[in-house]
Amino acid sequence: MAGIDSVGRERVLCEMKFYAGLTHNQPLSYLDRLKEKQGQGLIFICPKARMTSLWMKLKDLCATREVQTVHEHCVRVDGIAMSIMTWAEILNHLHKVASSSAIEYLSDIHQLEGYCAQMDSDAFIPFESTELTAENAKRFERYYEVIDETAKLIVADGSVTASHKGKASAYRAGYERKLTVDDFIVSLLYDRNLWKSDISVETPFWVGISNKDWQQPEDFRKRFLQIPKHKQDDTVWNTCYFALEPLADATLDEVCANLKQQIFEYINLLRE
């Protein structure tokens, strides 16, 4: 998109991105085009999740030019300003302006907000080189290991009667271990859908607790009201799951012992 002045000259170029890669024109050819026509600026709009990596790449591509830093997300390249913003920032500004002076455009802005949210949720995020290392493979393995080790700790705890129920279950969005703990069925999850849900706390680990008929009856639901709302999520499988928040900067033993304690606190709440 180009912003032109009263005599038709391009003053600003705006490149709107979701997760598509940069073309061979971006950003150097655009900057040259603006410089030739006495333009003023080039701006990239992208999802928040992509902002840091895209901005680093844009600056790297300009490394052979004269670059002056204006602020964290704005530089001057050969005298032309280049910056980056998120879709959320742009839409928030558009919403404020339309609310006060162009109400007829609010529905269009709401539609664009929905589209941007959908793209943020579903679009493929390009790989970064740092993600494709053997070290990262080991990092991803931790999520499964935490679930397995926590399940072992619960079964070994003499204060309850617990056992594994069935085999471990891997599925596209995660991994699950089922246990019987006294009169409860307990499902330990590493689940990416729950992790990225926008209605609850951000954590990869969750627990579902039901009776031996695999139900969460009304008396269970009433006790769920004692659990902070942001630690509950019922967007997966019509079951209410509770957040398990792992310790940071801790050993595997410390993380799993703490998760076991959180699970027992949820179970004890349902015993009352």
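Everything quoted here is computed from the prediction, not taken from an experiment.

What is the right way to look at the state of the cysteines in this model?
Simply put, disulfide is the name for a covalent bond between the sulfur atoms of two cysteines. Counting across every chain of the model gives zero disulfides. With no disulfide of its own, Cys 62 has Cys 74 as its nearest cysteine by sulfur position, at a separation of 12 Å. Assessed through its relative accessible area of 11%, Cys 74 is described here as buried.

Looking at this structure, how should I read the nonpolar core?
One broad rule of soluble globular proteins: the nonpolar side chains tend to lie buried together. Val 186, Leu 188, Val 207 and Ile 263 are the most contacted members of the largest nonpolar core, which totals 32 residues. The set of elements that each furnish at least two residues to this core consists of α5 (134-156), β9 (174-181), β10 (184-191), β11 (205-211), α7 (218-224), β13 (239-244) and α8 (252-271). Among the elements that line this core, the one with the most residues is α8, at nine residues. The residues contacting Val 207, other than those within four sequence positions of it, are Val 186, Ser 187, Leu 188, Cys 240, Tyr 241, Phe 242, Leu 244, Ile 263 and Tyr 266. If you look at the next biggest cluster of nonpolar residues, it comprises 17 residues, including Tyr 30, Phe 44, Met 51 and Ile 80.

Can you help me understand the pairing of strand β6 (residues 80-86) in this one?
Looking along a regular strand, one sees the side chains alternate between the two faces of the sheet. Summarising burial for β6: six of the seven residues are buried, a large majority. Bridge analysis of strand β3 (residues 41-46) against β6 gives six bridges, and the strand direction is parallel. Paired with Ile 45 across the strands is Met 85, a residue of β6. Pairing geometry for strand β5 (residues 74-77) and β6, over four bridges, is antiparallel. Pairing of Cys 74 across the sheet is with Ser 83, part of β6.

What's the story with the environment of Phe 205 in this structure? I'm lost.
Note on placement: Phe 205 falls in strand β11. Judged by its relative accessible area of 4%, Phe 205 falls in the buried class. For the pair Phe 205 and Ala 250, spaced 45 residues apart in the sequence, the C-alpha separation amounts to 16 Å. The contact partners of Phe 205, leaving out residues within four places of it in the chain, are Tyr 143, Val 146, Ile 147, Leu 189, Tyr 190, Phe 242, Ala 243, Leu 244, Pro 246 and Leu 259.

Help me understand unusual backbone geometry, please; the structure alone is not making it clear to me.
Among all residues except glycine, the phi angle is most often negative; among peptide bonds, the trans geometry is most common. Residue Pro 27 is reached from Gln 26 by a cis peptide bond, and omega for that bond is 0 degrees. At Gln 38, a residue that is not glycine, the phi angle is positive and equals roughly 55 degrees. Tracing the chain through its elements places Gln 38 in the loop between α1 (28-36) and β3. Overall, Gln 38 belongs to the partly exposed group, its relative accessible area being 48%.

Explain the pattern of salt bridges to me, please; I cannot follow it from the model alone.
Taken as a whole, this structure holds 13 salt bridges when the rule is applied. For Glu 15, the salt bridge is made with Lys 17, and the minimal N-O distance between the two is 3.7 Å. Of the two residues examined, Glu 15 and Lys 17, each falls in the buried class. Note that Glu 245 is salt-bridged to Lys 231, the shortest N-O span being 3.2 Å. Separated by 14 residues along the polypeptide, Glu 245 in the loop between β13 and α8 and Lys 231 in the loop between α7 and β12 (232-236) bring together distant segments of the chain. Classification of Glu 245 as partly exposed rests on a relative accessible area of 30%. Residues participating in the shared-partner salt-bridge network are Glu 10, Arg 33 and Lys 37.

Cut-offs applied
- Residues numbered from 1 in each chain as written.
- Predicted model: local features only at pLDDT ≥ 70, side-chain atom pairs only at ≥ 80, totals over all residues.
- Heavy atoms only, no water.
- Disulfide = S-S within 2.5 Å.
- Buried < 20%, exposed > 50% of the residue type's maximum accessible area, 1.4 Å probe, protein only.
- Core = buried A, V, L, I, M, F, W, Y, C linked by side-chain atoms within 4.5 Å.
- Helix = DSSP H or I, 4+ residues; strand = E, 2+ residues; numbered from the N terminus.
- Contact = heavy atoms within 4.5 Å.
- Pairing = 2+ DSSP bridges.
- Salt bridge = Lys/Arg side-chain N within 4 Å of Asp/Glu carboxyl O.

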